[in-house]
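Observations on the model geometry
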Amino acid sequence: MRTRPRHVSVWMNEAEYRHLKVQAELAGMGIDPFVRSLVAGVQLRPRPPDEYTKLLRELSAIGNNVNQIAYWANARKSIHEAEIVDAAVLAKRAWELVKNGL
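Residues numbered from 1 in each chain as written. Predicted model: local features only at pLDDT ≥ 70, side-chain atom pairs only at ≥ 80, totals over all residues. Heavy atoms only, no water.

1. Observations concerning the overall build of the protein chain
Filter applied, for reference: The secondary structure listing takes helices from DSSP runs of H or I that are at least 4 residues long and strands from runs of E that are at least 2 residues long, numbered from the N terminus. With C-alpha atoms as the basis for the radius of gyration, the globule rule is written as 2.2 Å multiplied by the number of residues raised to the power 0.38. Two residues form a contact once any of their heavy atoms are found within 4.5 Å. Computed by Shrake-Rupley with a 1.4 Å probe, the accessible areas treat only the displayed protein chains as cover when residues are assessed. Charge counting treats Lys and Arg as positive and Asp and Glu as negative, with His and both chain ends excluded. Think of each charge as sitting on NZ of Lys, CZ of Arg, CG of Asp or CD of Glu.
Each helix and strand counted, the protein chain has four helices and zero strands in total. The order of α-helices and β-strands along the protein chain, N terminus first, is α-α-α-α. For 102 residues, the compact-globule formula gives about 13 Å, and the C-alpha radius of gyration of the protein chain, at 23 Å, lies well above that figure. By principal-axis analysis of the C-alpha atoms, the protein chain measures approximately 70 × 35 × 20 Å. Taking all contacts inside the protein chain whose residues are at least 6 apart in sequence as the whole, residues at least 24 apart take part in 29%. Entry remark: accessible area of the protein chain is about 9100 Å², with carbon and sulfur atoms responsible for 56%. Within the protein chain, the 11 negative side-chain charges are centred at a point lying 7 Å from the centre of the 15 positive side-chain charges.

Have a look at this one:
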């Protein structure tokens, strides 16, 4: 049984249909879920490029390394806390830039 019992049909010219299809693809969705999202008032943004996932994973690894270095340096007292904070802030800022689409 269908979970959505109502069907809506809309007639479009070729240009309107192509535009709808392109917009759905940019959002990484099919046409049906795209239209339902628009009707629900969801603010849709283009899907980020696939490279972003890889980049976020790398940034996460860098952040983990910074944390390990900070822990080691703190234990040995061979680095100033301000330097650790600066490195952590830079890693966090890079993460946010990539996450928010530069």
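2. Some details on a nonpolar patch on the surface
Test applied: Note that patches include only residues with greater than 30% relative accessible area and no salt bridge, and the join distances are 9 Å for like charges and 5 Å for nonpolar side chains (Val, Leu, Ile, Met, Phe, Trp, Tyr). We define a salt bridge as a contact between a side-chain nitrogen of Lys or Arg and a carboxyl oxygen of Asp or Glu at a distance within 4 Å. Think of it in three bands: residues with accessible area under 20% of the maximum for their type are buried, residues over 50% are exposed, and the middle band is partly exposed, with areas taken using a 1.4 Å probe on protein chains only.
A contiguous nonpolar patch, built from Val8, Val10, Met12 and Tyr17 and spanning about 400 Å² of accessible area, is present on the exposed surface. You can see Tyr17 is positioned in helix 1 (residues 14–26). By relative accessible area, which is 36% here, Tyr17 ends up partly exposed.

3. Remarks on the packing of helix 1 against helix 2 (residues 31–39)
Definition in use: To get an axis, a line is fitted to the C-alpha atoms, and for a helix only the part in contact is used. The angle between two axes follows their N-to-C directions and goes from 0 to 180 degrees. Oblique is the label for any angle not covered by the other classes, which are roughly parallel (under 35 degrees), roughly antiparallel (over 145) and roughly perpendicular (65 to 115). Put simply, Ala, Val, Leu, Ile, Met, Phe, Trp, Tyr, Cys and Pro go in the nonpolar bin, Asp, Glu, Lys and Arg in the charged bin, and everything else, Gly too, in the polar bin.
The contact between helix 1 and helix 2 brings their axes to 9 Å, and the two run at 85°. With respect to helix 2, the element helix 1 is oriented roughly perpendicular. Mapping the contact onto sequence places Tyr17, Leu20, Lys21, Gln23 and Ala24 in helix 1 and Ile31, Phe34 and Val35 in helix 2. Of the residues that constitute the contact of helix 1 with helix 2, the class distribution is six nonpolar, one polar and one charged.

4. Topic: the layout of surface pockets
This is how the line gets drawn: Whether a set of points on the 1 Å grid over the protein atoms alone is a cavity depends on a 1.4 Å probe fitting there but being unable to get out, while an open set qualifies as a pocket with protein on both sides within 12 Å along at least five of seven lines; lining residues are those with an atom within 4 Å of a point. Grid points are joined across faces, edges and corners, and a volume is the space filled by probe spheres set on the points.
Roughly 630 Å³ of volume is contained in the largest pocket. Taken together, 15 residues make up the lining of the largest pocket; nearest its centre are His7, Val8, Asp32, Val35 and Arg36. For the lining of the largest pocket, the element with the most residues is helix 2, which contributes five residues. Taken together, the residues of the lining of the largest pocket break down into eight nonpolar, two polar and five charged. The calculated volume of the second largest pocket comes to roughly 210 Å³. Around the second largest pocket sit 13 residues that line it, and Arg45, Pro46, Arg47, Pro48 and Lys99 are the ones nearest its centre.

5. Some words on helix 1
Test applied: One fewer than the residue count of a helix, multiplied by 1.5 Å, yields its expected span. Any pair of nitrogen or oxygen atoms within 3.5 Å is treated as a polar contact; in protein, a donor-acceptor pairing is required on top of that, and neighbouring residues in sequence qualify only through side-chain atoms on both sides.
Under the 1.5 Å per step criterion, the end-to-end length of helix 1 is 18 Å for 13 residues, consistent within 8% with the ideal 18 Å. Where helix 1 begins, the capping side chain belongs to Asn13, and its oxygen is found 3.1 Å from the backbone nitrogen of Ala15. After helix 1 finishes, the residue Gly28 shows a positive phi value of roughly 75°.

6. Notes on the confidence of the model for the protein chain
Our working definition: The predictor's confidence in any single residue is recorded as pLDDT, a number from 0 to 100.
Taken over all residues, the pLDDT of the protein chain has a mean of 83, while the share at 70 or more is 97%. Model confidence for the protein chain, summarised as mean pLDDT per element, is weakest for helix 4 (residues 81–99) at 77 and strongest for helix 1 at 94.

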